[in-house]
Protein chains: 2
Amino acid sequence: MTLLFQYFSKYNPLSKEAENAITEICSIVKIKKNQELQTFGHTCKTIYYINKGTARIYYYKDGIDITESFAFENNIIARVESLFTGNPSRKAIQILEDSEIVAINATQLFKLYDTYPEIERLFRKIFEVAYVDTVNRIEGIQFHSAEERYNALISEEPNILKKVPLKHIASYLGITQVSLSRIRAIK
Amino acid sequence: MTLLFQYFSKYNPLSKEAENAITEICSIVKIKKNQELQTFGHTCKTIYYINKGTARIYYYKDGIDITESFAFENNIIARVESLFTGNPSRKAIQILEDSEIVAINATQLFKLYDTYPEIERLFRKIFEVAYVDTVNRIEGIQFHSAEERYNALISEEPNILKKVPLKHIASYLGITQVSLSRIRAIK
DNA sequence: CTAATCCTTTAACATATGATAAATAATTAC
DNA sequence: GTAATTATTTATCATATGTTAAAGGATTAG
């Protein structure tokens, strides 16, 4: 949990009481590669923090497995399209490396917002940054070639090739695996 | 201002005191078509609500004018990539139809968050929904053809063709104007 | 009202990526 | 350790979108 609160303090430092309140609604999950942390069809009521390991959010589009996003050590992962709307999620979370994850009960977390405005502020800021990242990602998708996007991803996340199968990287980039192979072959 | 508080109440109803506090940091701007509501290069410190009219956020990419988003009546528009980071914005807001706009001073708004947690909550929820919309937009960009994206836009916003030049719609969709013309010609 | 400017379409050609299929390579299960 | 499965590459062909250029329409300024 120490790492989690270190991560939080980059956004909004918390009082000891607030930290304790959060600790009570967290649990630690150890989970192996290729397991599903969360499956399709349920309303998402958990926010995860990755202590150790790698995960992805994915869904099926016309029967094809599409990776929406990756999450690595020391980061938050959540299916916001369900968490923030209350709709059942069409997406699942899959573990890509043996992982240790903190699961934060979002239902209880949202209740804590009433007692601890500092906690509401913390998560407001976390998701504001995530929102900005998503806005910037659109620019990358629309105005860079697949090759540029691949190179950008590798330089942002140099170890991704050791952690994630290429097929997931291809769908994340919005191209087929065959195209990605072609791009990689050029060099 | 009535319309603004009606809009707010869909997200989080406010107390009379909170409404009054917000009213004090708002101003009404009447602005003509083709004017710039905000220009490039400054840190964004305003959130806008469109009472009447149409606007777009745009930027230049390799010298080409790109529309990031449109905003229509009864909606919020803000350059979040600057507002939430404090970085100067590479983007500008242009008015596309004669408009009446409520300008909310964000610096003062963020101060109100300390006194009125209900106001912080309101804007948290507004931007959570905007975040979800953006996540969903990525899916549209990556996994639909330009023609499908055009048709989806027209059915979501049937009046857009009367309000917005096609060249802006093309760059919003991530295609050239020539491509958009071709798509429109098919029918 | 006219000229100038800006917006939209059309055409011809170039290119990145998709689709399908088959061959290797790597990983996993027993 | 071997067989079975899964992941990746390579090849060929098809197609959507990009690029450039030019012409026709629409708007705007004076």
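Residues numbered from 1 in each chain as written. Chains lettered and ligands numbered in written order. Predicted model: local features only at pLDDT ≥ 70, side-chain atom pairs only at ≥ 80, totals over all residues. Heavy atoms only, no water.

Per an unreviewed UniProt entry, chain A goes by the name Crp/Fnr family transcriptional regulator and belongs to Flavobacterium taihuense.

Below, the discussion takes up the protein's contact with DNA strand D. Near DNA strand D there are 17 residues, and of these L166, K167 and S181 of chain A together with A146 and S179 of chain B occur at the shortest range. Backbone atoms, meaning sugar plus phosphate, form 57% of the atoms of DNA strand D positioned within 4 Å of the protein. Between S181 of chain A and DNA strand D, the recorded distance is 2.6 Å, taken from a side-chain N or O atom to a phosphate oxygen. Residue assignment for the surface near DNA strand D shows that the elements contributing at least two residues are α8 (166-173) and α9 (177-186) of chain A together with α9 (177-186) of chain B. Partitioning the surface near DNA strand D into residue classes produces seven nonpolar, six polar and four charged. (Near = heavy atom within 4 Å. Polar contact = N/O pair within 3.5 Å; in protein donor to acceptor, adjacent residues only side chain to side chain. Helix = DSSP H or I, 4+ residues; strand = E, 2+ residues; numbered from the N terminus. Nonpolar A, V, L, I, M, F, W, Y, C, P; charged D, E, K, R; others polar.)

Taken together, 18 residues surround DNA strand C, and among them A146, S179 and R182 of chain A together with K167 and S181 of chain B come closest. Each atom of DNA strand C within 4 Å of the protein was assigned to sugar, phosphate or base; sugar and phosphate come to 58%. R182 of chain A is positioned with one of its side-chain polar atoms (N or O) 3.0 Å from a base nitrogen of DNA strand C. For the surface near DNA strand C, the secondary structure elements donating two or more residues are α9 of chain A together with α8 (166-173) and α9 of chain B. Considering each element in turn, the surface near DNA strand C owes the most residues, six residues, to α9 of chain B.

Attention now moves to the UniProt feature "domain: Cyclic nucleotide-binding" (unreviewed entry) in chain A. Here the UniProt feature "domain: Cyclic nucleotide-binding" (unreviewed entry) sits at residues 29-116 of chain A. Counted over residues 29-116 of chain A, helix gives 16% and strand 53%. Its end C-alpha atoms are 26 Å apart. (UniProt positions renumbered as here; feature names shortened; annotations may be inferred.)

Two side chains of opposite charge can pair, provided their charged atoms sit close to one another. Overall, the coordinates contain 22 salt bridges over all chains when judged by the stated rule. Measuring nitrogen to oxygen at the nearest pair gives 2.8 Å for the salt bridge that ties E120 of chain B to R124 of chain A. With one member in each of two chains, E120 of chain B in helix α5 (residues 117-143) and R124 of chain A in helix α5 (residues 117-143) form a pair that bridges those chains. Taken individually, E120 of chain B and R124 of chain A each receive the classification buried, so the pair is uniform in this respect. One salt bridge connects R56 of chain B with D65 of chain B, and the closest N-O pair in it is separated by 2.8 Å. A relative accessible area of 1% means that R56 of chain B is categorised as buried. Look at the salt bridges and you will find they share partners, linking D114 and E120 of chain A together with R121, R124 and E128 of chain B into a network. (Salt bridge = Lys/Arg side-chain N within 4 Å of Asp/Glu carboxyl O. Buried < 20%, exposed > 50% of the residue type's maximum accessible area, 1.4 Å probe, protein only.)

As a further point, take the pairing of strand β3 (residues 46-61) of chain B. Residues and elements named next belong to chain B. Within β3, 14 of the 16 residues are buried, which leaves it mostly tucked inside the rest of the structure. Sheet topology places β3 next to strand β5 (residues 75-77); three bridges connect them, and they run antiparallel. Of the residues in β5, the one forming a bridge with Y49 is I76. The hairpin formed by β3 and strand β4 (residues 64-71) contains two residues between the paired strands, and D62 there has a positive phi angle of roughly 50°. (Pairing = 2+ DSSP bridges.)

This next bit is on the packing of helix α6 (residues 146-156) of chain B against α9 of chain B. All names here are of chain B. Between α6 and α9, the least distance of the axes is 10 Å, while the angle of their chain directions is 75°. Comparing their axes, α9 and α6 come out roughly perpendicular. Judged by residue contacts, A146, E147 and Y150 of α6 engage L180, I183, R184 and I186 from α9. Here the contact of α6 with α9 is composed, by residue class, of five nonpolar, no polar and two charged. (Axes fitted to C-alpha atoms, helices over the stretch in contact; angles between N-to-C directions. Parallel < 35°, antiparallel > 145°, perpendicular 65-115°, else oblique. Contact = heavy atoms within 4.5 Å.)

Okay, the relation of the copies chain A and chain B next. Mapping chain A onto chain B calls for a screw motion: a turn of 180° about the axis and a shift of 0.0 Å along it, with 0.0 Å RMSD after fitting. Both copies of the chain, as the preceding transformation shows, are related through a two-fold rotation axis. By C-alpha distance to the rotation axis, the residue of chain A lying nearest is Y131 of chain A, at 2.6 Å. Here 100% of the contact residues of chain A are again contact residues in chain B; the copies associate through an equivalent surface. (Least-squares fit on C-alpha atoms with pLDDT ≥ 70 in both.)

On inspection of all chains with the given rule, the structure shows 31 aromatic pairs over all chains. Aromatic side chains Y7 of chain A and Y49 of chain A sit 5.4 Å apart centroid to centroid with 50° between the ring planes, which places their arrangement in the tilted category. Taken together, the residues span a long stretch of sequence, with Y7 of chain A in helix α1 (residues 2-11) and Y49 of chain A in strand β3 (residues 46-61) at a distance of 42 residues. Pair check on accessibility: Y7 of chain A and Y49 of chain A agree, each one buried. One cation-aromatic arrangement involves R56 of chain A over Y58 of chain A; the distance from NZ or CZ to the ring centre is 4.0 Å. Over the ring of Y59 of chain B we find K91 of chain B, and its NZ or CZ is 5.4 Å from the ring centre. (Phe/Tyr/Trp six-rings, centres within 6.5 Å; stacked < 30°, edge-to-face > 60°. Lys NZ or Arg CZ within 6 Å of the ring centre and 35° of its normal.)

As a further point, take the pairing of β4 of chain B. All names here are of chain B. Burial analysis of β4 places six of its eight residues in the buried class, the great majority of the element. Sheet analysis places β3 next to β4, joined by seven bridges and oriented antiparallel. When the bridges of β4 are listed, I57 appears paired with S69.

Turning our eyes to something else, we now look at the interface of chain A and chain B. Frequently, the measure chosen for interface size is the accessible area that the parts lose on association. Across the contact, 35 residues belong to chain A and 35 residues belong to chain B. Roughly 3400 Å² of surface becomes buried between chain A and chain B when both sides are summed, with 61% attributable to carbon and sulfur atoms. Considering only the side of chain A, the residues that lose the most area to chain B are Y131, Q142 and F143 of chain A, jointly responsible for 19% of the buried surface there. Connecting chain A to chain B are 10 salt bridges. A salt bridge links R121 of chain B to E120 of chain A; the shortest N-O distance between them is 3.0 Å. Scanning the region where chain A abuts chain B turns up 14 residue pairs in polar contact (both at pLDDT 80 or more). Broken down by secondary-structure element, the contributors of at least two residues to the side of chain A that touches chain B are β3, β4 (64-71), α3 (80-83), α4 (106-115), α5 and α8 of chain A. Residues belonging to the side of chain A that touches chain B are distributed by class as follows: 16 nonpolar, seven polar and 12 charged. (Buried area = accessible area lost by both parts, 1.4 Å probe.)

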